[in-house]
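Chains, contacts and geometry: an overview
Spelled out, the chains give:
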Amino acid sequence: MAPSSVKLQELIRLIRTAKTQAEERAIIQKECADIRSSFREEDPSFRCRNVAKLLYMHMLGYPAHFGQMECLKLIASPRFSDKRVGYLGAMLLLDERQDASLLITNSIKNDMNHNSQYVQGLALCTLGCMGSSEMCRDLATEVERLLKTSNSYIKKKAALSAVHVVRKVPELIELYIPAAESLLGGKNHGVLHSAVVLITEMCVRNPEATCKFKKVVPELVQIMKNLIMSGYSPEHNVGGISDPFLQVQMLCLMRILGQNDDEVSEAMNDILAQVATNTDTSKNAGNAILYETVLTIMDIRSESGLRVLAVNILGRFLLNSDKNIRYIAMTSLLKMVQTDHNAVQRHRGTIVDCLKDTDASVKRRALDLTFALINGHNIRSMIKELLQFLDHCPAELRSDCASGIFLAAEKYAPSKRWHIDTILRVLTTAGSYVRDETVPNLIQLITNTSELYAYTVHKLYQAVLADISQQPLVQVAAWCIGEYGEFLLSGTCEEEKTVKVTEDDMLDVLEMILQSHMSSPATRGYALTSLMKLSTRISDNVDRIRKIVSIYGSCIDVELQQRAIEYNTLFKKYDHMRVAVLERMPVIEKNSQVCSDKSTKVLNDENKPFSLSKPNQTEVKIQNAANQQTVDLLDLIGISDPSSTPVVQNNQEKMVGGELLDLLGGINFGAIPSITAYNKNGLTVEFFFEKVGNNELSIQLKAKNATAKDMKEFILQAAVPKNIQIHLQAPSGSVLPALCSGCVSQTILISNPNKVSLKMRLRLSYSIEGSTVQDICEVNNFPPQTWQ
Amino acid sequence: MIKAILVFNNHGKPRLIRFYQYFPEDMQQQIIRETFHLVSKRDDNVCNFLEGGSLIGGSDYKLIYRHYATLYFVFCVDSSESELGILDLIQVFVETLDKCFENVCELDLIFHMDKVHYILQEVVMGGMVLETNMNEIVGQVENQSRLEKSEGGLSGAPARAVSAVKNMNLPEIPRNINIGDINIKVPNLSPFV
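So, a few notes on the structure that sits alongside this text. (Residues numbered from 1 in each chain as written. Chains lettered and ligands numbered in written order. Predicted model: local features only at pLDDT ≥ 70, side-chain atom pairs only at ≥ 80, totals over all residues. Heavy atoms only, no water.)

A separate point is the pattern of salt bridges. Inspection of the entire model under this criterion finds 40 salt bridges over all chains. As a salt-bridge pair, Arg15 of chain B and Glu106 of chain B come within 2.9 Å of each other at their nearest N and O atoms. You can see Arg15 of chain B sitting in strand E2 (residues 14–19) and its partner Glu106 of chain B sitting in helix H3 (residues 106–111), a full 91 residues away along the chain. Here Arg15 of chain B and Glu106 of chain B have matching classes, each one buried. Salt bridges here are not isolated pairs; linked through shared partners, they connect Glu42, Arg47, Glu70 and Lys73 of chain A. (Salt bridge = Lys/Arg side-chain N within 4 Å of Asp/Glu carboxyl O. Helix = DSSP H or I, 4+ residues; strand = E, 2+ residues; numbered from the N terminus. Buried < 20%, exposed > 50% of the residue type's maximum accessible area, 1.4 Å probe, protein only.)

Following this line, the structure appears as structure tokens:
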């Protein structure tokens, strides 16, 4: 026989003497070996103690699966102490995934009919914890039978087992409905509590059950009344309130039963009002009940007076000194902010104050709630508070706060200048925490605000001088310096004190960014491209730029090296195109996150060094940073290796400065004759065609005004037959000057994969001499090459 | 529903672990470590609610904890439970332990881990709250301990000895022994038979 086994306490004492993890492991391994040999001996006398020891070792994290079968043997033993340990072992070590769990089904069944209530209780407990769906199906009727016994100890355990059964096998809900209802008639609070839990579970799983249980609402109301009126009862007293657990559970059930049901909600109004006003709030238990009452009032069809009461209770919670109360008040306000927005707005001041709370959980909740409460009216003050918060908020909340501010600013920005200011502030404060897509978004925002170029670039320049560690800020700043460097040089800026920035200063900054160890490769790319752009915008230091660029031709980073070499080539072989390639970027359209052939809208930008009569179409790739752009342009002209650019571009490039069109292969410009689409009352519209690829056609329309007076507000709309897709780009303007002294041009892109014969209906409207003229015409004279 | 109940000390050593949802063993230990990490960082004057760690289900679950001297009692619950109610439940559980062990301390939990499990079984079953009346719980636990003791096993040896003596069939002892002039009164031994 194995040496007499160690008692559980002895083993625990032994393990605690171990000074190191290795020692502990050694002790446990030795003990496990002893236990294993004892199991093999099939000696029943020490089995229960051995399994208890095994469970202890399992808690410490050591493997205990070899004890599973022993648990089964223990459960089958007639002794209570054996069964106790056996069932505990089953609950801790077994779960429905193991086959061994099925073997205890029979034992559980027998034990449910045992004459000792404690054995019955053990069996029910085990079923309720780890019963699989097969086991539940087998034993469902047994559980139902036990629900009807008179023993309240068994009843309440049976009720919770039934909850588990219903979770695993929802079809059995029907089986338990009558028994559950009758449980509510008892006096024992434990039974009542379990019964309410069971009914709640059934209603949650099955809406039909909800209908059936609506009739118990009067009973529930009565029980609640008794609880509140009963006065002091030492049995169930917690914090001066009689059985708050039961009260809370019943309120939860009432919430489910009263949802979307006016009649039921009506029946509950009184009791809810009573609970809300009479509950003592000095202790946690009272507040728990009040909170649950508020949730119930908000969820059912309660009358408006009651709802106001509920929101006021929450408002009081917000001012409570107990942090827990403040936390849950904010959780529920967050849920309510969608439905009762105005009510929550009233407490905005308190909520914003909670941002300054010392507790991190409360701060997080306050942050979520603040964002939910921002609207067009309070945006300025709220963002001010949020920016202050961002200054010293904990690190884990920074990125959420930053993205929240961006979203709110985008939706409700009162002015562009404010918007840019806010974003700059966020970038300088929490720059390293913002998400990646903020950089292109911000760039897009900046390009859209042409009137603030000078202001923006000055601010960015100052920010970068102060701190170049925050990558998003540096990237945006580098891009802007490259694009709008001339504003820095001219030193114009309204409020900021006019700082004279020389070309050397700008180049210094960009070089610093390039060389800093804090800059990421992407940032370096931005800086390099900006340097190149500056080479066209400044006059004196082009050599310096050339030198820097050539140095990077041997950079280890492949991306930078490629760029540097391409730029070098631009300097050397294609210098005459450098200006054209690096000119000002067109305004980026909002929402055009992915580059596509037809998605670019172009505005005529008066600041461009070369004025245009034709709109300029340029590929805009926002996703991979705007600076990739120049690389792609170069590719089209055929300079760099075509395999290096990821996207095949299919659209046409028209370069300013003229007739570089012949460089673009595959475009037959003069092949299709142009037509006059409309000619009436002095207004002529001409169509010039270009085929792009096989099924796409680009129509360049020119509108001219031959009358003696200007035509203003000129708008052209076009419609095509069904199988053709049309895309109208923005016109170059809306004023047709008189006597053909200028024209308005617009591009129309047609996609005609089915090669249907092309027809178009045009609707023109303009105002001349104060009166509006509208006209509709059909264009049928498209040359066949346009659609064949 | 309560997903898990964890009790560990200030150094993260587990004292009571109960999961009401299946997790493989190594996951269980990882969850214990992660929960300890989250909870031990908290000051004593912040609120008792935390978002659940990523291992245990993330922000769908909340950790509601209370710190008593050297022990953390952590209940991981889902959104259907009332947070303040769970706080009260932890209090009830600890007070029950106090009644059962008489001024409970960490050593009690260490050396009587099985008893603590049995007490917990009377409070929470299958992740749902079973009984909150302290006297009721304590009463039931004591009944069961008595049942266990009466059954035997090595702890029941004294009781078995007594019952064995009771069942012995001793022959009838004469009350009076008369030997001539000597009258010896035999004392009454019936209570021992």
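There's more to say after this.
Before going further, it helps to examine the packing of aromatic side chains. All told, the structure shown has 14 aromatic pairs over all chains when counted by the stated rule. Geometrically, the ring pair formed by Phe8 of chain B and Tyr72 of chain B is tilted, given 5.9 Å between the ring centres and 45° between the ring planes. Placement of the pair is Phe8 of chain B in strand E1 (residues 2–9) and Tyr72 of chain B in strand E5 (residues 71–77), with a sequence separation of 64 residues. According to the relative accessible area criterion, Phe8 of chain B is buried, its value standing at 0%. One aromatic cluster is present, built from ring pairs that chain together Phe8, Phe36, Tyr65 and Tyr72 of chain B. Taking the ring centre of Phe66 of chain A as reference, the NZ or CZ of Arg36 of chain A above it sits at 4.4 Å. Sitting over the face of the ring of Tyr455 of chain A, Arg417 of chain A holds its NZ or CZ atom 4.1 Å from the ring centroid. (Phe/Tyr/Trp six-rings, centres within 6.5 Å; stacked < 30°, edge-to-face > 60°. Lys NZ or Arg CZ within 6 Å of the ring centre and 35° of its normal.)

What follows concerns the environment of Glu142 of chain B. Relative to the assigned elements, Glu142 of chain B resides in helix H5 (residues 134–151). Along the backbone, Glu142 of chain B and Cys100 of chain B are 42 residues apart, and their C-alpha atoms lie at a distance of 8.1 Å.

Moving on, we get to the sheet that holds strand E4 (residues 62–68) of chain B. All names here are of chain B. If you trace the 5 strands from one edge of the open sheet to the other, you get E2-E1-E5-E4-E3, paired in antiparallel fashion. Two strands lie at the open edges of the sheet, namely E2 and strand E3 (49–51), each paired on one side alone. Pairs of neighbouring strands in the sheet enclose a mean axial angle of 20°, with direction left out of account. Relative to the sheet, helix H2 (residues 83–101) contacts E1, E2, E3, E4 and E5, its axis offset from that of E4 by approximately 40°. (Pairing = 2+ DSSP bridges. Axes fitted to C-alpha atoms, helices over the stretch in contact; angles between N-to-C directions. Contact = heavy atoms within 4.5 Å.)

Residues and elements named next belong to chain A. Spatial strand order, E6-E9-E10: 3 strands in an open sheet with antiparallel pairing. Here the strands that pair on one side only, and so sit at the sheet edges, are strand E6 (711–719) and strand E10 (771–779). Mean inter-strand twist for the sheet, computed between neighbouring axes without regard to direction, equals 15°. Pairing geometry for strand E9 (residues 760–768) and E10, over 9 bridges, is antiparallel. Following the sheet pairing, Leu762 is matched in E10 by Cys777.

This part takes up the side chain of His58 of chain A. With respect to the helices and strands, His58 of chain A occurs in helix H3 (residues 47–60). For His58 of chain A, a relative accessible area of 7% gives the class buried. Not counting residues up to four positions away in its chain, the partners in contact with His58 of chain A are Ala64, Leu92 and Leu93 of chain A together with Glu25, Gln28 and Gln29 of chain B.

Let us look at the environment of Asn48 of chain B. Along the polypeptide, Asn48 of chain B turns up in the loop between helix H1 (25–40) and E3. With a relative accessible area of 17%, Asn48 of chain B lands in the buried category. Each residue touching Asn48 of chain B, except ones within four places of it in the same chain, is listed here: Asn324 of chain A together with Leu63, Ile64, Tyr65, Arg66 and Leu87 of chain B. Only 3.0 Å separates the side chain of Asn48 of chain B from the backbone oxygen of Tyr65 of chain B, close enough to count as a polar contact. (Polar contact = N/O pair within 3.5 Å; in protein donor to acceptor, adjacent residues only side chain to side chain.)

Each partner contributes residues to the interface: chain B has 56 residues there, and chain A has 64 residues. Taken over both partners, the interface formed by chain B and chain A buries close to 5700 Å², and the fraction arising from carbon and sulfur atoms is 58%. Among the residues chain B hides against chain A, the three largest losses belong to Leu84, Phe111 and Met125 of chain B. Together they make up 13% of the total. Where Arg84 of chain A meets Glu148 of chain B, a salt bridge forms, and the shortest distance between an N and an O atom there is 2.6 Å. Counting every contact that joins chain B to chain A gives 14 residue pairs in polar contact (both at pLDDT 80 or more). For the side of chain B that touches chain A, the secondary-structure elements that each account for two or more residues are E2, H1, E3, H2, H3, helix H4 (113–123), strand E7 (128–129) and H5 of chain B. In the side of chain B that touches chain A, the residues fall into 24 nonpolar, 17 polar and 15 charged. (Buried area = accessible area lost by both parts, 1.4 Å probe. Nonpolar A, V, L, I, M, F, W, Y, C, P; charged D, E, K, R; others polar.)

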